[in-house]
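Chain residues, written in single-letter form:
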2 protein chains.
Amino acid sequence: MSDLASFVPPPSSQAPRAFGLRMSMPASIAHNYTPLTPVAFLLRAALVCPNALAVIHAERAVQYTYAQWAARCLSLTFALLKTPGFTPGARVAVISPNNPMILEAHNAILAAGGIINPLNIRNSPAEIAYVLGHSGATIILCDSEYANLLPKNLSKDIVVVISNDSGGRDPKDPYEAYLAGGRREWEAQERSSKKGLLGWELITHIEDENAPAALCYTSGTTGKPKGVITTHRGSFLGAVSNAFEAGLGPTSVYAALLPYFHACGWTFPWAVTAAFATAYTMRKVDNDAIWDALLNAGVTHYAGAPTVQIGIVNHPKAKKLPRVVRVAVAASAPTAQLLGMMESLNLVPVHVYGLTETYGPVTRRYTEPTWAAMSTEERARLMARQGHGYLTSDEARVCRVPPEGADPQATPLEDVARDGKEMGEIMLRGNMVMKEYYNDKEATRKTFRDGWFCTGDLAVRMPGGELNILDRGKDVIISGGENISSLMVESEMATHPAVLECCVVGRKHEKWAEVGHAFVVLKQGQSADMETLKAHCRERMSKFAVPMYFDFVKELPKTSTGKVQKNVLRARVADAPQAKL
Amino acid sequence: MSDLASFVPPPSSQAPRAFGLRMSMPASIAHNYTPLTPVAFLLRAALVCPNALAVIHAERAVQYTYAQWAARCLSLTFALLKTPGFTPGARVAVISPNNPMILEAHNAILAAGGIINPLNIRNSPAEIAYVLGHSGATIILCDSEYANLLPKNLSKDIVVVISNDSGGRDPKDPYEAYLAGGRREWEAQERSSKKGLLGWELITHIEDENAPAALCYTSGTTGKPKGVITTHRGSFLGAVSNAFEAGLGPTSVYAALLPYFHACGWTFPWAVTAAFATAYTMRKVDNDAIWDALLNAGVTHYAGAPTVQIGIVNHPKAKKLPRVVRVAVAASAPTAQLLGMMESLNLVPVHVYGLTETYGPVTRRYTEPTWAAMSTEERARLMARQGHGYLTSDEARVCRVPPEGADPQATPLEDVARDGKEMGEIMLRGNMVMKEYYNDKEATRKTFRDGWFCTGDLAVRMPGGELNILDRGKDVIISGGENISSLMVESEMATHPAVLECCVVGRKHEKWAEVGHAFVVLKQGQSADMETLKAHCRERMSKFAVPMYFDFVKELPKTSTGKVQKNVLRARVADAPQAKL
């Protein structure tokens, strides 16, 4: 870390002596109205705590204080503004793992009046080419490690800026040179400003808080990815919610394992700044590096799917931390066993739920006072529910799915009973719902019913009103007319002491239409056979829900965000011979 | 407390079995837009934690869970809606100390589409009559203890609802009967709803988030009080800020010493609800009752001026609390001695600054890491600054005061140097600034310059950018052409071990135009004479700043919110014979 502490940012990333930290307000704006934009958090942090660390990028031994980082972001803003092809509303694509550049892009692109378009670096070149073509990005900020993803036949009108992620240690790094050019433009504009405007005062605050801020493509397992447009207002309110719900504060350090390209990192690039906290960026999920950060860098918060947690808690370096680390867990909730292991290390999970279309997390399973006296098993079971809407969200509803053949848009919304039994679809609306699918009116129209966003996730509402997802739409297994929640089967299976992870998908069946096929990863040194696990399941669920087939595998196929790729497993069983009773 | 725990609210305050906790959205509203209103916090709390305590009113041995309280608030909403004279935008006055009724009014009046107009119960009947006449309130909710404040010749068109603050223990309490009437209306509307709407679904969510929500009159020491109009959006954002900045959460208990009629209790009626915390209401500041609450009711937060703190820390029951209690201190910062005493009791002060025109607190003195190693004296000196804008506020500026004779509105804004020396006026704008002075275009026009609100408070900006108030406008003493900060003189004087409190005002002087006149309260059992205190001051400030006159008094005259009434002291010295050198 001594290397880190001695790092001196290049001139383009140094705060000037006299530094305007306020954007100019459009003349049309009322005195009691500031359009909400998450860029405001950066300027406030640089003003209030200029010497606090905004970003630590240990892998490259660079770090920036808020004063320096605001300067870097402003340099990038000016660099964008003077780049040919940049106009208000321009899409600026970012192809990058977690590092300072993608964080800077989250502020600078918005400040310049553009739309950030972060791409999934686990996508294939063909997918990248599709997304770039669809978004119409005119500028691409690209990490050199992922330059191979760039389409070969890219139009010459598109400006590509390559970053070696040197963080300013190498002035020849093209991204650093781009920033330096922005800094020159900024200084030239200061010199020619008749009003004597400085720094951020040269930038005009966004006028319409409902203007697009980000364009994130869903990683849709089927069909073409869809571009989710979110707004400045939603990003601001989402970030405030996440900061509040996570209890982020000036002494917090957020370890960024969760990719920032994933739904703009759930607004955490802005939430961390709003709280004057520090972002600890990591190019990849490396459990060794994560434990270094947990043990030595004061990490207090991180987020990730249970599969990510499994790797963390089972790492040889794992030991009980001297402070509570709050962990947002999404995709599914930790099993009782994982919960117990996490808690023994002082990793305290909070179960959240959301989608790219909802700025990431939009519901949270709020802890109830009665939980304190419960067993880990019981708490895990309760924690597994998706809970209730966030501070800035509307109520999360579960509505009846329109009958087969009916026009969903013409079918009035009906809430399911709050009985924990009647299944419906989770529906959301309000400030934490996307504006639209980019350039896709038909998809947008279809995904809303009576002003409510259809998540595609099937759930019940418990008597307490909280959501309880039975399955992500297509993950439900329908066997002999019975709906089987693959999630439920997986949770129960995972309570067996030999099971590390498992996944259950539907497989075609002559008699039952579908039956469950389980893929199981056993813990090292443990053993269990199919009959043992079937017996374990039979004690815990209806007979029809017990998977008929088992594959014992070394690992499960996963997305970059740690979600199990059920589509891959489904494809694997699709070609299997039709199963017989 | 057993009495409290066994309390069963009357039928009108009980949550129904099937309870809609979502307002109906106007058809015009986009799917990704929910107009911000603090009423949403109440519905969310009742949904997520129905059994958590929303309000404890120990003095009358009543308390309500969020489910019950949402029912009470909805009963009040319907009672208002069916009251003759209630129309959208109607002003509903509240004359009440801190109790459940005034808290309910903060939700119900807004939900009904009215404007809450809380009156200062320390005002004279003449002042009350003026405010009621100016606000044009058509309904008055009035606590019976303060019914004597009601004008005798009140128009018969104005509906007055008297509350005995029985909290439902007495069904004959007129306020309870009013709620019961509202409940009947609510149930009748449920029965006749063709869509089967329940509870809050019968209420339409506000359409324009910039619509007025509250009308609070400034307690102006000179001239007629002015009516400050604030909005739903500002109240929502202010409440979120206060919840975040104060670290309110589900286990927090906020002791409401600060009057709710004062700038809507700084948005705390809503902030506490946003955080699922509990409001512990107290009809008056009674140090004995405060210590009961601190020791036995789990209080974690309260707010008040330093003069209020002095009474609390010096109370015989004072002892070190087993947990940190966070105390928002406004009006001025605690002296080093007070800070030390508070910290020894585990009362941790946070210095905030604001006005009725800014929803209460709008800046905060953020703690800096270097403070940890400092002496109490040094920390108190640093803490005394007003700091920086809140999470949802724009940057707080200090601008040059237009020269004598110039038209302020035509004079461009110029920031003072950040040198801790150049004095100017604190200027604010944005989401935490009022909309306007009610029915007073001229006062509104005059109080804004180039879209920035002129606070009237004189300050410098420190090199770190934080505000440091030298004096509230008229409190500056100008002696021989030198500006003397009476606040500075008071802070220094208070470091003398015999001084409990002091106040310094300007007094006319033949030669120097003005000189300082100090009013000093000594600690019990301590003594100090004028010469001792003058010598103490001379060591700490310019000679011209040392007060020339001293009065040793038993107590200082104070407003209901604990501010010293400098105007009263100024009047006292105005008639004194002209002072000579």
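Residues numbered from 1 in each chain as written. Chains lettered and ligands numbered in written order. Predicted model: local features only at pLDDT ≥ 70, side-chain atom pairs only at ≥ 80, totals over all residues.

## Focus: the overall build of chain A
Okay, so step 1: If you tally the helices and strands in chain A, you get 17 helices and 26 strands.
Okay, so step 2: Taking 2.2 N^0.38 as the reference for a compact globule, 581 residues should give roughly 25 Å; the C-alpha atoms of chain A span a radius of gyration of 24 Å, in line with that estimate.
Okay, so step 3: Within chain A, buried positions represent 54% of all 581 residues.
Okay, so step 4: Sequence-distant contacts in chain A: of pairs separated by 6 or more residues, those separated by 24 or more amount to 70%. (Helix = DSSP H or I, 4+ residues; strand = E, 2+ residues; numbered from the N terminus. Rg over C-alpha atoms; globule rule 2.2 N^0.38 Å. Buried ≥ 20, exposed ≤ 12 C-beta atoms within 10 Å, placed from the backbone. Contact = placed C-beta atoms within 7 Å.)

## Let's talk about the pairing of strand β1 (residues 53–57) of chain B
All names here are of chain B.
Okay, so step 1: β1 sits mainly inside the fold: four of its five residues count as buried.
Okay, so step 2: Pairing analysis gives four bridges linking β1 to strand β2 (residues 62–65), with the strands arranged antiparallel. The residue bridging L53 from the neighbouring strand is T65, located in β2.
Okay, so step 3: Sheet analysis places β1 next to strand β10 (residues 278–281), joined by two bridges and oriented parallel. Residue pairing for β10: I56 is matched across the bridge by Y280. (Pairing = 2+ DSSP bridges.)

## Details of the nonpolar core
Okay, so step 1: Ranked by size, the top nonpolar core spans 307 residues in total, and within it A70, Y254 and A255 of chain A together with A70, Y254 and A255 of chain B carry the most contacts.
Okay, so step 2: For Y254 of chain A, the contacting residues outside a window of four places in its chain are L248, F268, V272, A277, T278, A279, Y280, H301 and Y302 of chain A. (Core = buried A, V, L, I, M, F, W, Y, C linked by C-beta atoms within 7 Å.)

## Concerning the relation of the copies chain B and chain A
Okay, so step 1: For the match of chain B to chain A, the screw axis carries a shift of 0.0 Å, the RMSD comes to 0.1 Å, and the turn is 180 degrees. The transformation relating the two chain copies, once decomposed into turn and shift, fits a two-fold axis. For chain B, the residue whose C-alpha comes nearest the rotation axis is F244 of chain B, separated from it by 3.0 Å. (Least-squares fit on C-alpha atoms with pLDDT ≥ 70 in both.)

## Quick word on the sheet that holds strand β26 (residues 549–552) of chain B
Residue and element names in this part refer to chain B.
Okay, so step 1: If you trace the three strands from one edge of the open sheet to the other, you get β24-β25-β26, paired in mixed fashion. Only two strands of the sheet have a single partner each, and these edge strands are β24 (499–509) and β26. When the angles between neighbouring strand axes are averaged without regard to direction, this sheet yields 20 degrees.
Okay, so step 2: Of the pairings in the sheet, the one linking β24 to strand β25 (residues 513–522) comprises 10 bridges and is antiparallel in character. Within β25, the residue paired with V504 across the bridge is A518.
Okay, so step 3: Sheet strands in contact with helix α17 (residues 566–574) are β24 and β25, and its direction is about 50 degrees off that of β24. (Axes fitted to C-alpha atoms, helices over the stretch in contact; angles between N-to-C directions.)

## Examining the interface of chain B and chain A
Okay, so step 1: Contacts between chain B and chain A engage 34 residues on the former and 34 residues on the latter.
Okay, so step 2: At the level of elements, α2 (39–48), α7 (232–246), β15 (388–389) and β20 (452–461) of chain B are the ones that each hand at least two residues to the side of chain B that touches chain A.
Okay, so step 3: Within the side of chain B that touches chain A, the residues separate by chemical class into 17 nonpolar, 11 polar and six charged. (Nonpolar A, V, L, I, M, F, W, Y, C, P; charged D, E, K, R; others polar.)

## Let's talk about the sheet that holds strand β13 (residues 347–355) of chain A
Residue and element names in this part refer to chain A.
Okay, so step 1: Pairing is mixed in the open sheet, where nine strands are placed in the order β2-β1-β10-β9-β11-β12-β13-β14-β15. Two strands in the sheet have a free side with no partner beyond their single neighbour: β2 (62–65) and β15 (388–389).
Okay, so step 2: Where strand β11 (residues 301–304) lies against strand β12 (residues 325–329), four bridges are found, and the strand directions are parallel. The residue bridging Y302 from the neighbouring strand is V327, located in β12.

## Quick word on the packing of helix α3 (residues 66–81) of chain B against helix α6 (residues 174–192) of chain B
All names here are of chain B.
Okay, so step 1: α6 packs onto α3 with a crossing angle of 85 degrees between their chain directions and a minimal axis gap of 7 Å. Our classification of the angle between α3 and α6 gives roughly perpendicular. Residue-level inspection shows R72, L74, S75, L76, T77, F78 and A79 of α3 in contact with α6, the latter providing Y178, L179, G181, G182, R183, E185 and W186.
Okay, so step 2: Taken together, the residues of the contact of α3 with α6 break down into seven nonpolar, four polar and three charged. (Parallel < 35°, antiparallel > 145°, perpendicular 65-115°, else oblique.)

## Remarks on the environment of E245 of chain B
Residue and element names in this part refer to chain B.
Okay, so step 1: Positionally, E245 belongs in helix α7.
Okay, so step 2: In this structure E245 comes out as buried when scored by C-beta crowding, with 20 C-beta atoms within 10 Å.
Okay, so step 3: On a C-alpha basis, the gap between E245 and L197 in space is 37 Å, while along the polypeptide they are 48 residues apart.
Okay, so step 4: Dropping the residues within four chain positions of it, E245 is found in contact with R364, Y390 and L391.

## A closer look at the confidence of the model for chain A
Caution is warranted with low-pLDDT regions, since their predicted coordinates should not be read in detail.
Okay, so step 1: Scored by pLDDT, chain A comes out at a mean of 92, with 96% of its residues at no less than 70.
Okay, so step 2: Taken together, the chains of this predicted complex give a pTM of 0.88 and an interface ipTM of 0.88. (pLDDT = per-residue confidence, 0-100.)

## With respect to the environment of Y66 of chain B
All names here are of chain B.
Okay, so step 1: Position of Y66 relative to the elements: it lies in helix α3.
Okay, so step 2: Given 26 C-beta atoms within 10 Å, Y66 falls into the buried group.
Okay, so step 3: As a C-alpha pair, Y66 and V55 span 11 residues in sequence and 8.1 Å in three-dimensional space.
Okay, so step 4: What Y66 contacts, discounting residues up to four positions off in sequence, is A45, A46, C49, P50, A52 and A54.

## Some words on helix α5 (residues 125–135) of chain B
Residues and elements named next belong to chain B.
Okay, so step 1: All buried positions along α5 are accounted for by I128, V131, L132 and S135. Looking down the long axis of α5, one finds its buried residues gathered within 100 degrees of arc, a one-sided arrangement. Facing away from the buried side of α5, by more than 90 degrees, are the exposed residues A126 and G133.
Okay, so step 2: Taken together, the buried residues of α5 touch β3 (91–95), β4 (115–118), β7 (212–217) and β8 (227–231). (Arc of directions from axis to C-beta.)

## Digging into α7 of chain B
All names here are of chain B.
Okay, so step 1: In this model, α7 (15 residues) spans 21 Å end to end at C-alpha, consistent with the 21 Å of a helix rising 1.5 Å per residue.
Okay, so step 2: For α7, the tally of buried residues reaches 15 of 15 residues, placing the bulk of the element in the interior.
Okay, so step 3: Once α7 finishes, G247 follows within two positions and takes phi at roughly 65 degrees, a positive value. (Expected span 1.5 Å × (residues − 1).)

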